[in-house]
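So you can see what is in the structure, the chains are spelled out below.
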Amino acid sequence: MRTDDTSIAYEPVASYNTYLEAQRAVDYLSDQKFPVEHTKIVGSDLRLVEKVLGRLTYLRAAGMGAATGAWIGLLIGLFLAIFTPGRFPFLLVLWALVWGAIAGAIFGLIGHALTGGKRDFLSSSAIVANRYQVLVTTDRAAEARRLLEVGTPQAAQVPQTPQTPHTPQF
């Protein structure tokens, strides 16, 4: 059974500019046999970053719908081919793939037309943090700091508090 995580006190032992650096710090602690189940990586100053990938046209909407429909048709065709007696089950799979692609293209066109031109672009979204802190339970924080200080000669940027010394940056 899991413990109630909200009642456990954590304190920062290191702060990093990227998630990869914070991940490497926790990996280093794990390599040193530190019990990493007492560790958290917490991102702060979150922001949404949306990268625009390109214009969404009717042709592209139909193509994306056809590709999705083809996959669904292929899965249905394979499932039906397993349970359908006959000499040519691959024909059943092929027909399901073709009809899935046709239906997917139609649904892609209809879906794009229903947006009314309000979002004629493709994008990819991600939530990213400005800083990443490695937090450790209070009873193990001193040990984690000591291990991270021994790890590398560079100092990390850590919030200035009396009990939180500078720790290495990976």
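Residues numbered from 1 in each chain as written. Predicted model: local features only at pLDDT ≥ 70, side-chain atom pairs only at ≥ 80, totals over all residues. Heavy atoms only, no water.

Take the UniProt feature "transmembrane region" (unreviewed entry) in the protein chain next. When the UniProt feature table is mapped onto this chain numbering, "transmembrane region" (unreviewed entry) sits at residues 61–84 and 90–114. End C-alpha atoms of residues 61–84 are separated by 33 Å, and the span's content is 96% helix alongside 0% strand. Secondary structure across residues 90–114 comprises 100% helix and 0% strand; the distance between its end C-alpha atoms is 36 Å. (UniProt positions renumbered as here; feature names shortened; annotations may be inferred. Helix = DSSP H or I, 4+ residues; strand = E, 2+ residues; numbered from the N terminus.)

Topologically, I76 is positioned in helix α2 (residues 58–83). In this structure the C-alpha to C-alpha distance between I76 and V93, which are 17 residues apart in sequence, comes to 7.7 Å.

A few words now on helix α1 (residues 19–31). Along its 13 residues, α1 runs 18 Å from first to last C-alpha, staying within 8% of the 18 Å computed at 1.5 Å per residue. Taken as a whole, α1 has its buried residues at E21, A22, A25, V26, Y28 and L29. Looking straight down α1, one finds its buried side chains confined to an arc of 155°; they lie on one side. Immediately beyond the C-terminal end of α1, within one or two residues, lies K33, with a positive phi of roughly 65°. (Expected span 1.5 Å × (residues − 1). Buried < 20%, exposed > 50% of the residue type's maximum accessible area, 1.4 Å probe, protein only. Arc of directions from axis to C-beta.)

The final tally for this structure, using the stated rule, is three aromatic pairs. Between F79 and F83 the ring centres are 5.1 Å apart and the planes differ by 65°, which places this aromatic pair in the edge-to-face class. With F79 and F83 both in helix α2 and four residues apart, the pair spans about one turn of that helix. In this structure F79 comes out as exposed when scored by relative accessible area, which is 52%. Owing to a relative accessible area of 60%, F83 belongs among the exposed residues under this scheme. Sitting over the face of the ring of Y10, K40 holds its NZ or CZ atom 4.4 Å from the ring centroid. (Phe/Tyr/Trp six-rings, centres within 6.5 Å; stacked < 30°, edge-to-face > 60°. Lys NZ or Arg CZ within 6 Å of the ring centre and 35° of its normal.)

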